[in-house]
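Descriptive analysis of the structure
The primary structure of each chain is shown beneath.
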Protein chains: 2
Amino acid sequence: MRRTPLMDQLGLTLPVIAAPMGGVTGGWLAAAVSEAGGLGIVGAGYGDLDWVRRELDEVVRRTTRPWGVGFITWSLARRPEVLDLALAYRPAVVMFSFGDPAPFVDRAHARGALVFCQVQTVAMAREAVAAGADVVVAQGTEAGGHGARRATLPLVPAVVDAVAPHPVVAAGGIADGRTLAAALVLGAQAAVVGTRLYASAEALAHPRLKQRLVEVSGDMTERTRIFDIVRGLNWPAPFTGRAVTNAFWRRWHERPEALAAAREAVAPAFEQAQAAGDPEEGLLWAGEGVDLVRAVEPAAVIVRRMAAEAEAVLAALAAPGDGGTPSA
Amino acid sequence: MRRTPLMDQLGLTLPVIAAPMGGVTGGWLAAAVSEAGGLGIVGAGYGDLDWVRRELDEVVRRTTRPWGVGFITWSLARRPEVLDLALAYRPAVVMFSFGDPAPFVDRAHARGALVFCQVQTVAMAREAVAAGADVVVAQGTEAGGHGARRATLPLVPAVVDAVAPHPVVAAGGIADGRTLAAALVLGAQAAVVGTRLYASAEALAHPRLKQRLVEVSGDMTERTRIFDIVRGLNWPAPFTGRAVTNAFWRRWHERPEALAAAREAVAPAFEQAQAAGDPEEGLLWAGEGVDLVRAVEPAAVIVRRMAAEAEAVLAALAAPGDGGTPSA
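Below, the structure is looked at part by part. (Residues numbered from 1 in each chain as written. Chains lettered and ligands numbered in written order. Predicted model: local features only at pLDDT ≥ 70, side-chain atom pairs only at ≥ 80, totals over all residues. Heavy atoms only, no water.)

On to the nonpolar core, then. A:F71, A:F116, A:L197, B:F71, B:F116 and B:L197 are the most contacted members of the largest nonpolar core, which totals 213 residues. Setting aside chain neighbours within four positions, we find A:F116 in contact with A:L6, A:L10, A:I17, A:L39, A:V93, A:V94, A:M95, A:F96, A:V135, A:V137 and A:V169. Of all hydrophobic cores here, the second largest spans 14 residues; its members include A:L259, A:V266, A:F270 and A:W285. (Core = buried A, V, L, I, M, F, W, Y, C linked by side-chain atoms within 4.5 Å. Buried < 20%, exposed > 50% of the residue type's maximum accessible area, 1.4 Å probe, protein only. Contact = heavy atoms within 4.5 Å.)

The structure is reproduced here in C-alpha cells:
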C-alpha cells in the first residue's frame, strides 16, 4: 500500500488518526496511536485548562513522535487562552472543528503546527481553505459525536476535488480495515477514527461505556441535540451529536424544548448516571461504524490491524481475475 | 480488478447496476447499461401496467444480456398483477425495495429470477435474508429518491458481515470511479448507480432536470416527505426521499401538514412544473453523489469510465510505495 504525501509529511507509517474526542482522547490514547505509527490528536473539548495541561504533559511524556491537539472552534473562541497553552507543547498538528477557524490559524502556523480544519459540507471545505487550512478533514454524518448531515462516501471525493491540491482526510464511519481502505480509495490521505478508538484500553471513558460499544449496532445511533441541552451546551447550527439511543434518548428526543425547560431538575441524575458509566441514563457518543467494534483492545492493536486489513483488501481487489478485468 | 462472484453469476463484465428509478430507468437506459456489461434494472415505480409493458418490450428489444426489474414493495402489494406481467418477460433479476418482500419472493424464484432486496439497516438485511433474498442491496442515506437514514460507508460492511455468505450490493452515493471502488473495498460485489445515470442520454427525464444535476452540489440535497405529500403518495415510515432543494422545498419543507391540507390547490401547478422540467417548482430526486456529476452523457460512457477509474484507483493504491508498506 502506497504511503500518501500527508503520511510522508508527518512521518506516519499508518494512515490512521485518533479523533480528538473531547475528554476521551487524552495523552495516553493519543500517544499510543502516535507510537503505533499513526497520529494521535488530544481532544481539548470545551477547554478545561487543567485537563488540557495534564493530558498534554502525558502525551509528551509518552511519545516523541508527532501528535496533535483538537479544538471545538466555537468554544475556543470563548476561551482562546487554551490554544496558547497547547501551542507551548509544540503539537505537530492543530485541528479545528465546528466553527470559524480564521481567528486561530495564524497563531498555530506561527508555532509550526500543521492546521487541520474539519468540515461537513463542500461549501465549508472551500471556506476552510480560504481561512488558511493546510489539511481539510471531511467528516460524514455517520461520525459519532458532533457533526452534520452529509455522508462520508460521496462527501470525501467531492471535497478532494473542491480543495485540490490541499490534502483531505476522511472522518465518519471508519472503524475497520475495509472502511479505512474505502477512505483511501475515495482520495483521503488518512482517516480519522473515533468510535473504534473509544473502545480502546487507553480511552478516558468508563469501562461500561466502552463495553456497550461492543454490544450495540449502528442501527441504534441517532443524531440529536438532547445531550447538549441537558449539559447546558448551546451548540450552533447545523451541528448535532450522534449517540447511542437509550432510555434517556427515548424519554426526551421528541421533546427538546421540554428538556430545556426541565434541565435543572433533570441534569443531576443525568450527570450521576454519566459518572457511573450508565449507558441507559447517561450519554454515549457513537458513530454508525459501531457495528464493526467487536472488542475493547489496546489502541496499537486496533490501528495496526486496521492498516493491515486495509492493505490486504486493496491487494485482493487489485489482483487481476481469471476472466480479465471488468473494464476490458 | 478481480470479478466478483455475483458478476460471474450474472455474466457481468462491469460491477455497475442501473438503479430502478421509477419512471426514469426505462428499457432504453436499462438495456444500455446491460449492453455495456453492467446490469440495467427497469424501475416499475408505482406499477403503471402500460408503462411497464412498454418499457419491458423495449428492454428485450434492445438487449439479449441479463437485465432486471425493480419494484416499490409496499406499492406492489396493492397491485401485485404487475409482478406477473414483468415475470413473463423473464428478467434475470427482480429487485424489491421499501416493504416486506416475503409475499413475492417465491413467485420470482419460480420464474428463475435472482431476488435482490434493498435494505436500509442491518436489521432489515437480516429480515431480507429470512424472507428469501438471494442478494442484499445495502442502501445508504446519501442515495437520491427514497431511502432511510444510515450511511453507505459503515452500513455496507456491517451488512456484509450480518448476511454472509449472501452477496451484498452497495447503493447510495456511488457516482464515479472512486465511489465505485470504495463500494467494492467495503465488500460489495457490485454497486447500484442512480443519480449519475439519471444524468444520462437514455434516462426518461426532462433534459432541464438532467442538466440541473450537473449544476448542483450534494450540499443542496435533503431528505423530505413533501414531494410525496404533494403527489398524494402515502409512503410508510421510515422512508423519505432525497431531492434537490428548490423553491418548492423552501416553501413547504417546514410545513408538511399545511402542504397536505393545501394539496388539491397546490398539486396542479406542481404537476405542470414537473411536466415542464422546472427544477425550482417541480421535483428532482438526487443523491449526495451529485457533486460528481459533471456532464449528461451516454450511459455506456458513464459506466465504462466508472469501472476503468475504479480499477485505476485500486491499482494505484495497492502498488507498494518507496518507503515500504504502512502496516510494516
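All names here are of chain A. Taken together, the eight strands give a closed barrel; going around it, the order is β1-β2-β3-β4-β5-β6-β8-β9, and neighbouring strands pair in parallel fashion. Neighbour-to-neighbour, the strand axes of this sheet turn through a mean angle of 25°, independent of strand direction. Pairing geometry for strand β5 (residues 114–119) and strand β6 (residues 135–139), over four bridges, is parallel. Pairing of F116 across the sheet is with V135, part of β6. Across the sheet, helix α7 (residues 122–130) lies against β5 and β6, angled at about 160° from β5, the strand it touches most. (Pairing = 2+ DSSP bridges. Helix = DSSP H or I, 4+ residues; strand = E, 2+ residues; numbered from the N terminus. Axes fitted to C-alpha atoms, helices over the stretch in contact; angles between N-to-C directions.)

Before going further, it helps to examine the interface of chain B and chain A. One frequently used descriptor of interface size is the decrease in accessible area upon assembly of the parts. Counting from both sides, the interface comprises 58 residues of chain B and, opposite them, 58 residues of chain A. Between chain B and chain A, the buried area comes to about 4700 Å², and carbon and sulfur atoms account for 57% of it. Applying the counting rule to chain B against chain A returns 12 salt bridges. For A:R178, the salt bridge is made with B:D161, and the minimal N-O distance between the two is 2.8 Å. Applying the counting criterion to the chain B and chain A interface returns 22 residue pairs in polar contact (both at pLDDT 80 or more). Secondary structure elements with two or more residues in the side of chain B that touches chain A: α7 (122–130), α8 (152–163), α9 (177–185) and α15 (299–318) of chain B. Broken down by element, the residue count for the side of chain B that touches chain A peaks at nine residues, all from α15(B). (Buried area = accessible area lost by both parts, 1.4 Å probe. Salt bridge = Lys/Arg side-chain N within 4 Å of Asp/Glu carboxyl O. Polar contact = N/O pair within 3.5 Å; in protein donor to acceptor, adjacent residues only side chain to side chain.)

What follows is about the side chain of A:Q139. Residues and elements named next belong to chain A. Along the polypeptide, Q139 turns up in strand β6. Within the local environment of Q139, its side chain forms a polar contact with the side chain of Q120, the two groups lying 2.7 Å apart. In this view, Q139 contacts F98, Q118, V119, Q120, H146, G147, R150, L155 and A171; residues no more than four positions away in its chain are not counted.

Attention now moves to the pairing of strand β2 (residues 39–43) of chain B. All names here are of chain B. Burial runs high along β2: five of the five residues are buried. Neither face of β2 is open: one carries L39, I41 and G43, the other G40 and V42, and all of them are buried. In terms of strand pairing, strand β1 (residues 16–18) meets β2 through two bridges, oriented parallel. Across the sheet, I17 pairs through a bridge with L39, a residue of β2. Handedness of the β1-helix α2 (residues 27–35)-β2 crossover: right-handed. Each parallel crossover has a hand, and the one from β2 via helix α3 (residues 49–62) to strand β3 (residues 67–72) is right-handed. (Right-handed = clockwise from strand over helix to strand, strands pointing away.)

As a further point, take the packing of aromatic side chains. All names here are of chain A. Summed over the entire model, instances satisfying the criterion amount to 24 aromatic pairs over all chains. Judged by centre distance (6.3 Å) and plane angle (80°), the ring pair of F227 and W285 falls under edge-to-face. Here the residue F227 occupies a position in helix α12 (residues 226–230), and W285 occupies one in the loop between α14 (256–276) and α15 (299–318), the gap between them amounting to 58 residues. (Phe/Tyr/Trp six-rings, centres within 6.5 Å; stacked < 30°, edge-to-face > 60°.)

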